[in-house]
Amino acid sequence: MTSETTMTRQELLELAALDAFGLLDEYEADSYTRCFQDAPVGVQEELIQLQAQLVSDDSLLPKEEPRPQLRQRVLEAVAQAIDEETSNLKPLAMIGKPRNSMTELIGQFPLSRSGQFWRAAAFALAGMVVVIAYFWSNAYHSSIEITKAALLEDMRGQLKEYIDPNFEDFVSNPYATVIPLMPVDTTAHASIGLWLNDRSDEALLVAIGLPDPAEEYTLSVQSESGKTVLGTLNQHGALAALRLSDINTNLLRNATIQITNSLGQVLYKST
Amino acid sequence: MTNRQDWLLMHRVAAGEEEAVAELYDRFSSLLYKVARQLLPTQADAEDAIQEIFVRLWKTADRYDPHRAKLVTWVMLIGRRHMIDRLRRTAARPKHSILDTETEGTNEDHTPERTPLEEERNTKLMQRIAQLPELQRTVIKRAYLHGFTLREVSDQLDAPLGTIKSALSRGLARLREQNQSDCAM
């Protein structure tokens, strides 16, 4: 009934109801999610609407409302949890402080050519921290979120300048999802993410810390039908980016995305 | 609220913004509480669960994906899963052997502290459930009201998982239809 590749619209609708009520076990919920993602956009919208309608329906529920005191109690409990998390994160948050002071200090003096190079390098490192924090957040969402927010606040301007003027709009778009690219060789240390926007059919690749600023890195996609080169990365020191439009985001999601060097060696790929 | 507004709200919640948490509470506490009162045995349990759910919502807020679900679906899913975990932890669910002999309306045995209005409402629900075919009735009681997974129900009844899924889905649809026709009368 629930073969992952052949689920019909009717089967999806049936499972959507169970999924909305948390009645599927983990495996089935994952299976439903995969089938949902493969479904046409129109069916996805239908499933989303159906689930919202089902869970909002309180006709089978008791009419009792929470006591007014519960609101304050809940807000205090969340605030306390945030405080505890923040105090656990203090040592991590301190990492950012010396770098901020240095950035301010550098900004007060006219810079030589080599000074500009080091400033760019400092920005690149700072940016790397943000992107690494972003990737970490996928695994350790809550613990990194506060630090990430603080870092983003400081680094926003630098990222816009060195990566893409619309970087922030693109990655913060609710329809953008990110695919991390992992090193083939475990000694490589760049942070690379490809953001895909299914609605606008656009993608933005951001790479920080690629080994050679003079190298020509290429983004390509490897699917069953072969390899397609999507473009060459635009580099600025340790930062590199590539903006793509009119692309099939579903195709990218289901294929292996690769970054190769000028010798054609695959350095990073999606998993 | 648009998807983008909801997504922004959850990012503010993830960042620990108190006003955002309050907004989230104001939007969803009533619905969550009603589910909690249906699933959990006492008012105190329901209130504790609501408190824990909002802490959990803060911790998981940045996982909310507007492509995948409306915010209400996400919140209710997190809430319902938490309540079911809580039921399991406290072993408040009846043993499935008890369910075999359970008569209509005895669900209240496990849900003390109900007001007369609630008793009436719950009785109505149980009456509607009682009108369903046997399998749908049994599956709804076990999965929807007592938080057993479909796989557990399938094992308990020694019936294929697909049959259980269909029975639950059809039973829930039928309950909703009954309710809509009652409201229209």
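Residues numbered from 1 in each chain as written. Chains lettered and ligands numbered in written order. Predicted model: local features only at pLDDT ≥ 70, side-chain atom pairs only at ≥ 80, totals over all residues. Heavy atoms only, no water.

Check the secondary structure of chain B and you find nine helices and zero strands. Counting across all 185 residues of chain B, residues that qualify as buried make up 55%. The contacts in chain B between residues at least 6 apart in sequence include a share of 63% that link residues at least 24 apart. Total accessible area on chain B stands at roughly 8,000 Å², and carbon and sulfur atoms take up 50% of it. (Helix = DSSP H or I, 4+ residues; strand = E, 2+ residues; numbered from the N terminus. Buried < 20%, exposed > 50% of the residue type's maximum accessible area, 1.4 Å probe, protein only. Contact = heavy atoms within 4.5 Å. Areas by Shrake-Rupley, 256 points an atom, 1.4 Å probe, with all protein chains shown as cover.)

Per-residue confidence for chain A gives a mean pLDDT of 73, with 67% of residues at or over 70. Per-residue pLDDT stays below 50 along residues 136–151 of chain A; that stretch engages in 28 contacts with residues further than four places along the chain or on separate chains. (pLDDT = per-residue confidence, 0-100.)

Residue and element names in this part refer to chain B. When the terminal C-alpha atoms of helix α1 (residues 3–14) are compared, their 16 Å separation across 12 residues agrees well with the 16 Å that a helix rising 1.5 Å per residue should span. For α1, the complete set of buried residues consists of N3, D6, W7, L9, M10, V13 and A14. Down the axis of α1, the buried side of the element spans an arc of 160 degrees, and every buried residue falls inside it. Of the residues trailing α1, G16 is marked for its positive phi of about 85 degrees. (Expected span 1.5 Å × (residues − 1). Arc of directions from axis to C-beta.)

A separate point is the packing of helix α1 (residues 9–20) of chain A against helix α2 (residues 26–38) of chain A. Residue and element names in this part refer to chain A. As a packed pair, α1 and α2 sit with axes 11 Å apart at the nearest point and diverge in direction by 130 degrees. Between α1 and α2, the crossing angle belongs to the class labelled oblique. Regarding α1 and α2, the two cross each other, and that crossing is left-handed. Contacts from L12, L15, A16 and D19 of α1 reach α2 at A29, Y32, C35 and F36. Residue composition of the contact of α1 with α2, grouped by class: seven nonpolar, no polar and one charged. (Axes fitted to C-alpha atoms, helices over the stretch in contact; angles between N-to-C directions. Parallel < 35°, antiparallel > 145°, perpendicular 65-115°, else oblique. Left-handed = near helix turned anticlockwise from the far one by under 90°. Nonpolar A, V, L, I, M, F, W, Y, C, P; charged D, E, K, R; others polar.)

The next subject is the sheet that holds strand β5 (residues 226–232) of chain A. Residue and element names in this part refer to chain A. Spatial ordering of the open sheet is given by β5-β4-β8-β9-β1-β2-β3-β7-β6, a layout of nine strands whose pairing is antiparallel. Whereas interior strands pair on both sides, the edge strands pair on one side only; in this sheet they are β5 and β6 (234–236). The sheet shows a mean angle of 25 degrees between the axes of neighbouring strands, taken without regard to direction. Two elements, strand β3 (residues 202–208) and strand β7 (residues 239–244), share six bridges in a ladder whose sense is antiparallel. When the sheet's bridge partners are listed, A207 is paired in β7 with A240. (Pairing = 2+ DSSP bridges.)

All right, on to the interface of chain B and chain A then. Bring the parts together and some accessible area is lost; that lost area is often taken as the interface size. The partner chain A presents 57 residues to the 59 residues of chain B that form the contact. A per-residue breakdown of the area chain B buries against chain A is headed by K34, H67 and R68 of chain B, which together make up 14% of the total. There are 10 salt bridges connecting chain B and chain A. Taken together, the connections running from chain B to chain A amount to 15 residue pairs in polar contact (both at pLDDT 80 or more). For the side of chain B that touches chain A, the elements supplying multiple residues, two or more each, are α1, α2 (18–39), α3 (43–60), α4 (71–89), α6 (116–130), α7 (134–145), α8 (150–157) and α9 (161–184) of chain B. Among the elements that make up the side of chain B that touches chain A, the one with the highest residue count is α2 of chain B (12 residues). (Buried area = accessible area lost by both parts, 1.4 Å probe. Salt bridge = Lys/Arg side-chain N within 4 Å of Asp/Glu carboxyl O. Polar contact = N/O pair within 3.5 Å; in protein donor to acceptor, adjacent residues only side chain to side chain.)

Moving on, we come to the pattern of salt bridges. A pair can form between side chains of opposite charge whenever their charged atoms are brought close. One pass over the structure, following the stated rule, counts 20 salt bridges over all chains. For E65 of chain A, the salt bridge goes to K34 of chain B, with nearest N and O atoms at 3.4 Å. Here E65 of chain A is found in the loop between α3 (41–56) and α4 (69–94), whereas its partner K34 of chain B is found in helix α2 on a different chain. Looking at E65 of chain A, the relative accessible area reads 44%, which means it is partly exposed. The partner of R243 of chain A in a salt bridge is E202 of chain A, and the shortest N-O contact between them spans 3.6 Å. Of the two residues, R243 of chain A is situated in strand β7 and E202 of chain A in strand β3; the sequence distance between them amounts to 41 residues. One connected set of salt bridges, linked through shared partners, spans R67 and R73 of chain A together with D45, E47, D48, E52 and R86 of chain B.

The final tally for this structure, using the stated rule, is three aromatic pairs over all chains. Where Y32 of chain A meets F36 of chain A, the ring centres are 6.3 Å apart and the plane angle is 40 degrees; that geometry is what we call tilted. In this pair, Y32 of chain A and F36 of chain A both sit in helix α2, four residues apart, roughly one turn of the helix. Relative accessible area serves as the criterion here: at 0%, Y32 of chain A is assigned to the buried category. On the basis of relative accessible area, F36 of chain A is assigned to the buried category, the value being 2%. For the pair Y25 of chain B and F54 of chain B, a centre-to-centre distance of 5.2 Å together with 45 degrees between the ring planes defines the contact as tilted. You can see Y25 of chain B sitting in helix α2 and its partner F54 of chain B sitting in helix α3, a full 29 residues away along the chain. The burial state of Y25 of chain B is the same as that of F54 of chain B; both residues are buried. Its end group placed over the ring of F36 of chain A, R68 of chain B keeps NZ or CZ at 5.1 Å from the ring centre. (Phe/Tyr/Trp six-rings, centres within 6.5 Å; stacked < 30°, edge-to-face > 60°. Lys NZ or Arg CZ within 6 Å of the ring centre and 35° of its normal.)

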